[in-house]
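Per-entry structural report
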Amino acid sequence: MAKAQINPEKARWLEVLGVSMPLCLSYIPIGLACGILLHAAGFNFIMILLVSVLVFSGGAQFILASLLTVNSPLSTIFLSLFFLELRYALLGSSLSKYIKQESARFILVFSASMNDENYAINYMKFATDKKWTPDDALLVERYSLAAWSISNMVGGLIGGAISIDLEVVDFALTALFLYMIVMQVQNHLSFVICILASILGVYFLVLTKNTLGLIIATLLASFVGFAVENTVRHHSKDPSNNWFLTKMFRPQITKTTLEDKQAQEKKEIKEAEKLENKIENVVERHDEPKDDTQHHDEG
Amino acid sequence: MEQLLSNKIFYHIIVIILAAIAAFIPRYLPVLFFSTRKIPEWFNEWMKYVPVSLFATLVVKGIFVDSSYNFIAFGHVEQIIAALIVIVIAYFTRSMSISVIAGLVAVWLLSLAL
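Computed from a prediction, not measured in an experiment: that's the story for all the values here. (Residues numbered from 1 in each chain as written. Chains lettered and ligands numbered in written order. Predicted model: local features only at pLDDT ≥ 70, side-chain atom pairs only at ≥ 80, totals over all residues. Heavy atoms only, no water.)

What chain A contains, in helices and strands, is twelve helices and zero strands. The secondary structure elements of chain A, listed N-terminal to C-terminal, are α-α-α-α-α-α-α-α-α-α-α-α. The buried share among the 299 residues of chain A stands at 50%. Contacts in chain A between residues at least 24 apart in sequence constitute 75% of all its contacts with a sequence separation of at least 6. Roughly 14300 Å² of accessible area belongs to chain A as shown, and the carbon and sulfur atoms make up 64% of that amount. (Helix = DSSP H or I, 4+ residues; strand = E, 2+ residues; numbered from the N terminus. Buried < 20%, exposed > 50% of the residue type's maximum accessible area, 1.4 Å probe, protein only. Contact = heavy atoms within 4.5 Å. Areas by Shrake-Rupley, 256 points an atom, 1.4 Å probe, with all protein chains shown as cover.)

Listed below in structure tokens is the structure:
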């Protein structure tokens, strides 16, 4: 693959480590919080390590901890987690076009350690970086998994040593989701959908008395988003200037940390994504064997 | 006591196995399915709005719905204020760790004050 590069193998893992570093660092506080909560729910640190490697999902582990503390039955635990993790079905299916040609074993290993954050990085890199290979993507997952499970375990260890207000730590999850919402709300329509999902969420949660309400609200709200966007695209004279699809106001950033740069990049990618998707579809139809072995390097 | 402890560990192992299955199936099967087929365009367009909707419902579940699934408007005032702070900080810094830490500090200080 990398004959054109001077020092291919050695440079690669470092380069990928650089790409994953902001993510790994941001996992530390959340992982610590999660470890503390799991410890409070009765897990010892070996169990915490095990669950963070096998589940590898902040949201799911927080909810697991809160379900364990209220002594929920196993069936509720399983179903709640399953419905929460259903979103990975969507993430996975959108990444699958990039890892199609890999072996069955690779797909198994890759999908097992995929989560929201490393998905975001990998999707962004696949969409923009022609040299980004599935192996690099797997490496990002490995780094983030290492950072996540170690900080979980440390959280579990310090959780026993110091006393912490758990209601406060529990808010880490809400803050994490709020951050993701802020990052994802790009145009007016996604903001409207966000409000709609909140209202539907409360309504269906109270109605079903179950986390199933989350799934119903999510599917309905996202379908409305899809339907509105589709209607606008087909019936508006100037879809890109329609109020729904115009960008929300965003401030200029004065600080430029690595995370900021990455988020900036991610935002730019999102804007290019729609266009690119369309182009790709056309390209795929026209020249079928697009380079299906490896992306070659231009030097 | 020994019996109870081993039961607890056994129970936790069962929980972890179930959680791992619940986490693995939604990740693996769709990738497997779509690695041999083409993803329909409308499906992708629909799925684009899923993350933001799901996160929004999870946030309101945390702030406005209590553990027995009743609506509480101002049960967690400190969380409502902290949530607004997180939104503003996330908007300006775009940093995940700064947002989460600021949210934790805010909710901690507010829970002391309120």
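Below, the discussion takes up the interface of chain A and chain B. Counting from both sides, the interface comprises 99 residues of chain A and, opposite them, 76 residues of chain B. Carbon and sulfur atoms supply 75% of the area buried between chain A and chain B, which totals about 8000 Å² over both sides. For chain A, the biggest contributors to the area lost against chain B are Phe 171, Tyr 179 and Phe 226 of chain A; these three give 8% of the whole. Note that Arg 27 of chain B and Glu 85 of chain A form a salt bridge whose closest N and O atoms lie 3.3 Å from each other. There are eight residue pairs in polar contact (both at pLDDT 80 or more) connecting chain A and chain B. Across the side of chain A that touches chain B, the residue classes tally to 61 nonpolar, 22 polar and 16 charged. (Buried area = accessible area lost by both parts, 1.4 Å probe. Salt bridge = Lys/Arg side-chain N within 4 Å of Asp/Glu carboxyl O. Polar contact = N/O pair within 3.5 Å; in protein donor to acceptor, adjacent residues only side chain to side chain. Nonpolar A, V, L, I, M, F, W, Y, C, P; charged D, E, K, R; others polar.)

Here the focus is unusual backbone geometry. One non-glycine residue with positive phi stands out, namely Phe 56 of chain A, at about 45°. With respect to the element layout, Phe 56 of chain A can be found in the loop between helix 2 (45-54) and helix 3 (58-69).

Let's shift gears to the confidence of the model for chain A. Regions with low pLDDT carry predicted coordinates that are not meant to be interpreted in detail. All names here are of chain A. Of the residues in chain A, 80% reach a pLDDT of 70 or more, and the chain-wide mean stands at 78. Taken element by element, the predicted model of chain A shows its lowest mean pLDDT in helix 12 (residues 258-286) (63) and its highest in helix 2 (91). Note on residues 252-260: pLDDT is under 50 here. Beyond four places in sequence and across chains, it has 17 contacts. Counting interchain partners and residues more than four positions distant, the pLDDT-below-50 stretch residues 288-299 has 18 contacts. (pLDDT = per-residue confidence, 0-100.)

Looking now at the UniProt feature "transmembrane region" (unreviewed entry) in chain B. Residues and elements named next belong to chain B. Mapped onto this numbering, the UniProt entry annotates "transmembrane region" (unreviewed entry) at residues 9-29, 49-69 and 81-110. Across residues 9-29 one finds 100% helix and 0% strand; the C-alpha atoms that close the span lie 30 Å apart. What you have in residues 49-69 is 71% helix and 0% strand, and the ends, taken at the C-alpha atoms, are 25 Å apart. (UniProt positions renumbered as here; feature names shortened; annotations may be inferred.)

Nonpolar side chains in soluble globular proteins tend to be buried together. Judged by nonpolar contacts, the single largest core of 108 residues is most densely connected at Phe 43, Phe 62, Leu 64, Leu 81, Leu 95, Phe 171 and Ile 181 of chain A. If one sorts the elements of this core by residue count, helix 9 (residues 166-184) of chain A sits on top with 14 residues. Other than its neighbours up to four places away in sequence, Leu 81 of chain A contacts Ala 60, Ile 63 and Leu 64 of chain A together with Ala 19 and Ala 22 of chain B. Within the second largest apolar cluster, eight residues are counted, among which are Leu 90 and Phe 226 of chain A together with Met 47 and Val 50 of chain B. (Core = buried A, V, L, I, M, F, W, Y, C linked by side-chain atoms within 4.5 Å.)

All names here are of chain A. Closest axis-to-axis distance for the helix 6 (residues 104-112)/helix 8 (residues 134-161) pair is 9 Å, and the angle between their directions is 35°. Two packed elements cross with a definite hand, and for helix 6 against helix 8 that hand is left-handed. Here helix 6 contributes Phe 106, Val 109 and Phe 110 to the contact with helix 8, which in turn contributes Pro 134, Asp 135, Ala 137, Leu 138, Glu 141 and Arg 142. Per-class residue counts for the contact of helix 6 with helix 8 are six nonpolar, no polar and three charged. (Axes fitted to C-alpha atoms, helices over the stretch in contact; angles between N-to-C directions. Left-handed = near helix turned anticlockwise from the far one by under 90°.)

In this section: the packing of aromatic side chains. Throughout the structure, instances matching the rule amount to 13 aromatic pairs over all chains. Considering the side-chain rings of Tyr 27 of chain A and Phe 56 of chain A, the 6.3 Å spacing of their centres and the 75° angle between planes classify their relative orientation as edge-to-face. One end of the pair, Tyr 27 of chain A, is in helix 1 (residues 8-40); the other, Phe 56 of chain A, is in the loop between helix 2 and helix 3, and 29 residues separate them in sequence. What makes Tyr 27 of chain A buried here is its relative accessible area of 3%. Ring geometry for Tyr 98 of chain A versus Phe 126 of chain A: centroids 4.7 Å apart, planes at 5°, classification stacked. Placement of Tyr 98 of chain A in helix 5 (residues 87-99) and of Phe 126 of chain A in helix 7 (residues 116-128) is noted, with a sequence separation of 28 residues between them. Classification of Tyr 98 of chain A by relative accessible area gives buried; the value is 14%. Residue Phe 126 of chain A is classed as buried on the basis of its relative accessible area of 7%. Taken together, the ring pairs in this structure connect Phe 223 and Phe 226 of chain A together with Trp 42 and Trp 46 of chain B into an aromatic cluster. Directly above the aromatic system of Tyr 88 of chain A lies the positively charged group of Arg 27 of chain B, at a separation of 4.3 Å from the ring centroid. (Phe/Tyr/Trp six-rings, centres within 6.5 Å; stacked < 30°, edge-to-face > 60°. Lys NZ or Arg CZ within 6 Å of the ring centre and 35° of its normal.)

On to the UniProt feature "transmembrane region" (unreviewed entry) in chain A, then. All names here are of chain A. As annotated in UniProt, the feature "transmembrane region" (unreviewed entry) corresponds to residues 12-30, 36-56, 63-84, 157-182, 189-206 and 212-228 in the numbering used here. Its end C-alpha atoms 16 Å apart, residues 36-56 is made of 71% helix and 0% strand. Between the end C-alpha atoms of residues 212-228 there is a gap of 25 Å, over a span that is 100% helix and 0% strand.

Turning our attention to the environment of Val 59 of chain B. With respect to the helices and strands, Val 59 of chain B occurs in helix 3 (residues 50-64). Taking C-alpha positions, Val 59 of chain B is 9.0 Å from Ala 83 of chain B, a pair spaced 24 residues apart along the chain. Once residues lying within four places of it in the same chain are set aside, the contact partners of Val 59 of chain B are Thr 174, Phe 177, Leu 178 and Ile 181 of chain A.

Residues that lie three or four places apart on an α-helix share one face, since the helix turns once every 3.6 residues. All names here are of chain A. When the terminal C-alpha atoms of helix 3 are compared, their 17 Å separation across twelve residues agrees well with the 16 Å that a helix rising 1.5 Å per residue should span. Turning to helix 3, its buried residues are Gly 58, Gly 59, Ala 60, Gln 61, Phe 62, Ile 63, Leu 64, Ala 65, Leu 67 and Leu 68. Phi turns positive, to about 55°, at Asn 71, one or two residues after helix 3. (Expected span 1.5 Å × (residues − 1).)

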